[in-house]
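Here is what each chain is made of, one letter per residue.
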Amino acid sequence: MGACKIDLTFENGQKMPALGFGTWRAPDDEVEKALNEALEAGYRHIDCAPVYLNEPTIGRVLRQWIDSGRVKREELFIVTKLPPHGTRAATVEKFLKRSLTDLQLDYVDLYLVHVPFTVPEVDGPFLMDEHGEIVLETTTDHVALWKAMEAVADAGLARSIGLSNFNQRQVQRVLDNCRIKPANLQIENHIYLQQPELVKFCKANGITVTAYSPLGSKGIEKLLNHEVPNLLDNPTVKEIGDRIGKTAAQVVLRHLLQRGLATIPKSTNAGRLSQNIALFDFELTEDDMVKLNGLDRNVRICDFGFFPGITKHPEFPF
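Residues numbered from 1 in each chain as written. Predicted model: local features only at pLDDT ≥ 70, side-chain atom pairs only at ≥ 80, totals over all residues. Heavy atoms only, no water.

### A closer look at the pairing of strand β9 (residues 208–212)
Reasoning step 1: Burial analysis of β9 places five of its five residues in the buried class, which makes it a mostly covered element.
Reasoning step 2: In this sheet, β9 lies alongside strand β8 (residues 184–188) in parallel orientation, the contact comprising five bridges. In the sheet register, Gln-186 faces β9, and the bridge partner there is Thr-210.
Reasoning step 3: When β9 meets strand β10 (residues 262–263), the two strands line up parallel, connected through two bridges. The residue of β10 that forms the bridge with Thr-210 is Ala-262. (Buried < 20%, exposed > 50% of the residue type's maximum accessible area, 1.4 Å probe, protein only. Helix = DSSP H or I, 4+ residues; strand = E, 2+ residues; numbered from the N terminus. Pairing = 2+ DSSP bridges.)

Okay, structure coming up:
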């Protein structure tokens, strides 16, 4: 089995496999089959979140693998996130404990604040107003929130803590007021949205970066109401892949790894799952890297268009 051969090391010494398995928008039946195949293929870094609505299924699969001795808990690197309706100091521990129950775990390896904004707490779909826009809670306090994140780390419920979808100003605010630094920032990152300044800022501050939607995000158009570019159709990507005998997906994923980022491609196709992890027997040349770096268009796919009206939140990050 080809296991992940590159780790990123956090400042606290914890190691995270640079290649993970993403579970966003994977319904229960799909995620159960795909997660079994991913673990079989050698994935050990699993990226989860309550808003993906599949943590109980993921928990069942993880429990089966651990109980049968096919994998040890310490060999897994499990990430989950504080949801948008929990982005306040008072609800951090409650939501993490809920995820731990669903995932059937005593701790997660990394707990991220999923988004820098807050919506009212609900047990179901997010609240919408009479104009069809999401109801906002505009009192988001990142400093108080981070103190609550530090408390769950102190309690051993999360081995490391970090952020997701925060912009540089928001990350800096946490850095200026923290006791435990964020270990990781998870952001959209791919050939058309390389965010070099934000990545450089994170590296300078000892924060690792995980790239989500590394292959684009197939099928998300319906949610966003706008077209999504097909990254894997890019002529430069295809030309490099053809020359070295690799798929377009392998080329763009390897590009991220060589930029020093972790990445969490999602696939529910067994063949592609195996291809996506087969990244450790080749390297892109310096010339290939220059060409791929040159494809950056600052095109954001996941602009939160599925939260109508979210741009009015004072902490909307983009």
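### Brief notes about a negative patch on the surface
Reasoning step 1: A cluster of acidic residues, Asp-28, Asp-29, Glu-30 and Glu-32, forms a negative patch on the protein surface.
Reasoning step 2: Structurally, Asp-29 can be placed in helix α1 (residues 28–41).
Reasoning step 3: Classification of Asp-29 by relative accessible area gives exposed; the value is 59%. (Patch = residues over 30% accessible without salt bridge, like charges linked within 9 Å, V, L, I, M, F, W, Y side chains within 5 Å. Areas by Shrake-Rupley, 256 points an atom, 1.4 Å probe, with all protein chains shown as cover. Salt bridge = Lys/Arg side-chain N within 4 Å of Asp/Glu carboxyl O. Lys, Arg positive; Asp, Glu negative; His and termini not counted. Charge placed at Lys NZ, Arg CZ, Asp CG, Glu CD.)

### Here we look at the UniProt feature "active site" (unreviewed entry) in the protein
Reasoning step 1: Per the UniProt entry, the sites bearing "active site" (unreviewed entry) are Tyr-52 in this numbering.
Reasoning step 2: In this fold, Tyr-52 is placed in the loop between β4 (45–47) and α2 (55–67).
Reasoning step 3: The contacts of Tyr-52, once residues within four sequence positions are left out, are Thr-23, Trp-24, Asp-47, Lys-81 and His-114. (UniProt positions renumbered as here; feature names shortened; annotations may be inferred. Contact = heavy atoms within 4.5 Å.)

### Some details on the packing of aromatic side chains
Reasoning step 1: Enumeration according to the criterion identifies eleven aromatic pairs in this entry.
Reasoning step 2: Aromatic side chains Trp-24 and Phe-306 sit 6.2 Å apart centroid to centroid with 55° between the ring planes, which places their arrangement in the tilted category. Here Trp-24 is found in the loop between β3 (20–22) and α1, whereas its partner Phe-306 is found in the segment after α11 (286–293), with 282 residues between them in sequence.
Reasoning step 3: Relative accessible area serves as the criterion here: at 23%, Phe-306 is assigned to the partly exposed category.
Reasoning step 4: Between the aromatic rings of Phe-304 and Phe-318, the centroid separation amounts to 5.4 Å while the plane-to-plane angle is 20°, which identifies the pairing as stacked. Here the residue Phe-304 occupies a position in the segment after α11, and Phe-318 occupies one in the segment after α11, the gap between them amounting to 14 residues.
Reasoning step 5: Residue Phe-304 is classed as buried on the basis of its relative accessible area, which comes to 5%.
Reasoning step 6: The exposure class assigned to Phe-318 is partly exposed, which follows from its relative accessible area of 37%.
Reasoning step 7: Through pairs of rings, three or more aromatic residues link up here, namely Trp-24, Phe-117, Phe-126, Phe-304, Phe-306, Phe-307, Phe-316 and Phe-318.
Reasoning step 8: We note Arg-159 situated over the ring of Tyr-107; from NZ or CZ to the ring centre the distance is 3.7 Å. (Phe/Tyr/Trp six-rings, centres within 6.5 Å; stacked < 30°, edge-to-face > 60°. Lys NZ or Arg CZ within 6 Å of the ring centre and 35° of its normal.)

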